[in-house]
Amino acid sequence: MELANKRIPDSDFYAIRDEVLTQWPTGKEVDLEAAIEFHRALPAHKVFSKKLEEAKAGGRTLIQPRAGVALIRDQIELLTYLQDKGEADLLPTTIDSYTRQNRYAEAENGIRESFRERRSMLNGFPAVNHGVSGCRMLINTLDTPIQVRHGTPDARLLTEIAYAGGFTSYEGGGISYNLPYAKSVPMEKTIRDWQYVDRLTGIYEEAGVSINREPYGPLTGTLVPPCISHAVAIIEALLAAEQGVRSITVGYGQCGNLAQDVAAIKTLEELTDEYLRKSGYSDVVVTTVFHQWMGGFPQDEAKAFGVISWGSATAALSKATKVIVKTPHEAAGVPTMEANAQGLRCTKQLITMLGDQECTSSNLGEEMEMIRRETRALVDKCFEFGNGDIALGVVRGVQAGVIDIPFAPSRYNAGKMLPARDNNGAIRILEPGNMPLPKDVMDFHRAMINERARVEKRKASFQMVIDDVYAISKGRLVGRPQNMR
């Protein structure tokens, strides 16, 4: 079947579905009609999309952590703590690495080892292995909407079980859960596999059950220019909408410059709405998520709280619909639930204090217009490559380096573009690779980086990129030379 951005016909979808549900024994627990009835019976305060829409209408920013452990009882304890002590507005269930790679037998071993060792031996919750009944235990116990967060190139069985289990929001997409996560998975395969995920979401939607979908915004998480993450988010939103998804949350990972980050969130929602309308999807509700700093964290806990606080302030001033919260233990590994709750309370305090304020930076307008022009250049070129079909166009766009995610491990990613910060800490493009940006846009980027080079008395080079990658973990935003620190 030739790849195209077309709704999967029912006959094709259900034929694929018969195969997907046989991938692990718990697939037999999935009953679509019973799952739809389970969702219909959920109270409104447990439905992700409803809470997002209320927050968007009220101009509020909701807070959500990351969290996942191996055993059901421990996951319930963890989420209950984050709900009650962390004051989380929304909850996650982060999936383990074995499940992300469809290695369910090894996940089963991890569950057994976790029982034996009396601690989690997996780095997340193996939802496929726990099955529909196990997932429903979480949904029935907690009073807060719960989202599945993972990183899976082929998430079809996980989606079936998560939806039947009652989860009302689901993260990921065929680009954002491929290029940043996998080395050798072809783009055509993940686009098709995620069309299945979105068509399943559409089937629930058509039955009156709203399940929120969220493309993964930060991508590789470090020094990603807004135009790249925006282009990916918009394309994944278009692919999801074609399959019937009607609640979409587009995301962006904090870069650190306040004006650029606020401009990015504001333009992300605006541009996503623009492309959805132009493509005929006028009934999709778009919300935004701001991810606190996804790069290296300082070892010092007080400094780590400073990074979290800055992300909290930016989320509030940008009016993002929700913010994904980090913890003061990021540099040490998997955080304790107490540290996770500390990060949540810190974020809620800042958001409450800044909730009624506006960002009026003088250069905000310039940043917004630059992001608009850059993003449109990338998305429009993908449409051109696909002769109007964005599914085909993005595959060709990745091949050509039009969509080029910095530091992505995938061998299908061009890896030619290089980002660096300017003298004010905004992310600029040092080397565009094959990204089709207008000449005056690239002149702007080069001028901003050269201004930093003059201040630092060195040439603009790859060394700046290296310095910037490690800067925040060393207590700075811009990676200055040793003699300037």
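Structure: above.
This section reports on the structure supplied with the text. All of these numbers come straight from a predicted model, not from anything done at the bench. (Residues numbered from 1 in each chain as written. Predicted model: local features only at pLDDT ≥ 70, side-chain atom pairs only at ≥ 80, totals over all residues. Heavy atoms only, no water.)

**Describing the overall build of the protein chain**
1) Next: Counting its regular elements, the protein chain contains 17 helices and 10 strands.
2) Next: Whereas a compact globule of 485 residues would reach a radius of gyration of roughly 23 Å, the protein chain reaches 21 Å, a difference of no more than 12%.
3) Next: Each principal axis of the C-alpha distribution contributes one length, and for the protein chain these read about 65 × 50 × 40 Å.
4) Next: Looking at the 485 residues of the protein chain, the share that counts as buried comes to 61%. (Helix = DSSP H or I, 4+ residues; strand = E, 2+ residues; numbered from the N terminus. Rg over C-alpha atoms; globule rule 2.2 N^0.38 Å. Buried < 20%, exposed > 50% of the residue type's maximum accessible area, 1.4 Å probe, protein only.)

**Quick word on the pairing of strand 9 (residues 418–421)**
1) Next: Of the two faces of strand 9, the one carrying Leu418 and Ala420 and the one carrying Pro419 and Arg421 are both buried.
2) Next: When strand 9 meets strand 10 (residues 427–431), the two strands line up antiparallel, connected through 4 bridges. The partner of Leu418 across the bridge, within strand 10, is Glu431.
3) Next: Here strand 9 folds back onto strand 10 in antiparallel fashion, the turn holding 5 residues, of which Gly425 has a positive phi close to 95°. (Pairing = 2+ DSSP bridges.)

**Thoughts on the packing of helix 14 (residues 364–385) against helix 15 (residues 390–400)**
1) Next: Contact pair helix 14 / helix 15: the axes reach a minimum separation of 7 Å and the direction vectors enclose 110°. What the angle tells us is that helix 14 and helix 15 run roughly perpendicular. Where helix 14 approaches helix 15, its residues Val379, Cys382, Phe383 and Phe385 are matched on the opposing element by Ile390, Gly393, Val394, Arg396, Gly397 and Ala400.
2) Next: Among the residues forming the contact of helix 14 with helix 15, the class breakdown is 7 nonpolar, 2 polar and 1 charged. (Axes fitted to C-alpha atoms, helices over the stretch in contact; angles between N-to-C directions. Parallel < 35°, antiparallel > 145°, perpendicular 65-115°, else oblique. Contact = heavy atoms within 4.5 Å. Nonpolar A, V, L, I, M, F, W, Y, C, P; charged D, E, K, R; others polar.)

**Quick word on the side chain of Thr99**
1) Next: Along the polypeptide, Thr99 turns up in helix 5 (residues 97–100).
2) Next: If we ignore the near neighbours within four places in the chain, the residues touching Thr99 are Tyr104, Ala107, Pro126, Val128, Asn129, Thr152 and Leu158.

**What about the packing of aromatic side chains?**
1) Next: Under the defined criterion, the tally for this structure stands at 12 aromatic pairs.
2) Next: On the basis of an interplanar angle of 85° and a centroid distance of 5.5 Å, the ring pair of Tyr163 and Tyr204 is categorised as edge-to-face. Taken together, the residues span a long stretch of sequence, with Tyr163 in helix 8 (residues 156–165) and Tyr204 in helix 9 (residues 187–206) at a distance of 41 residues. Across this residue pair, the class does not change: Tyr163 and Tyr204 are buried.
3) Next: With a centroid separation of 6.1 Å and 40° between ring planes, the pair formed by Tyr170 and Trp194 is classed as tilted. Here Trp194 lies in helix 9 and Tyr170 lies in strand 4 (residues 169–171), a separation of 24 residues in the sequence.
4) Next: Classification of Tyr170 as buried rests on a relative accessible area of 0%.
5) Next: For Trp194, a relative accessible area of 2% corresponds to the buried category. (Phe/Tyr/Trp six-rings, centres within 6.5 Å; stacked < 30°, edge-to-face > 60°.)

**Focus: helix 17 (residues 462–471)**
1) Next: Taken together, the buried positions of helix 17 are Met464, Val465, Asp467, Asp468 and Ala471. Summarising the axial view, the buried residues of helix 17 lie within an arc of 165°, below the 170-degree limit, and thus occupy one face.
2) Next: For helix 17, the elements touching its buried residues are strand 9, strand 10 and helix 16 (439–456). (Arc of directions from axis to C-beta.)

**Examining the nonpolar core**
1) Next: Core analysis: the largest hydrophobic core is formed by 131 residues, its most contacted members being Tyr170, Ile191, Tyr204, Ile228, Leu378, Val394 and Ile403.
2) Next: At 12 residues, helix 10 (residues 226–242) tops the list of elements feeding residues into this core.
3) Next: Listed in part, the 7 residues of the second largest apolar core include Trp293, Val307, Ile308 and Ile472. (Core = buried A, V, L, I, M, F, W, Y, C linked by side-chain atoms within 4.5 Å.)

**Remarks on the state of the cysteines**
1) Next: All chains considered together, the criterion is met by 0 disulfides.
2) Next: There is no disulfide at Cys382, and the cysteine sulfur nearest it, in Cys227, is 12 Å away. (Disulfide = S-S within 2.5 Å.)

**A short note on unusual backbone geometry**
1) Next: Even without a glycine there, the phi angle at Arg118 is positive, about 60°.
2) Next: Structurally, the position occupied by Arg118 is in the loop between helix 6 (104–117) and helix 7 (127–141).
3) Next: Positive phi values are uncommon outside glycine, yet Leu219 reaches one of about 60°.
4) Next: Structurally, Leu219 can be placed in the loop between strand 5 (212–214) and helix 10.
5) Next: Note on Leu219: relative accessible area 4%, which makes it buried.

**Details of a nonpolar patch on the surface**
1) Next: Together, Phe462, Ile466 and Tyr470 line one region of the surface with nonpolar side chains, adding up to about 300 Å² of accessible area.
2) Next: As for its placement among the helices and strands, Tyr470 is situated in helix 17.
3) Next: Classification of Tyr470 by relative accessible area gives partly exposed; the value is 48%. (Patch = residues over 30% accessible without salt bridge, like charges linked within 9 Å, V, L, I, M, F, W, Y side chains within 5 Å. Areas by Shrake-Rupley, 256 points an atom, 1.4 Å probe, with all protein chains shown as cover. Salt bridge = Lys/Arg side-chain N within 4 Å of Asp/Glu carboxyl O.)

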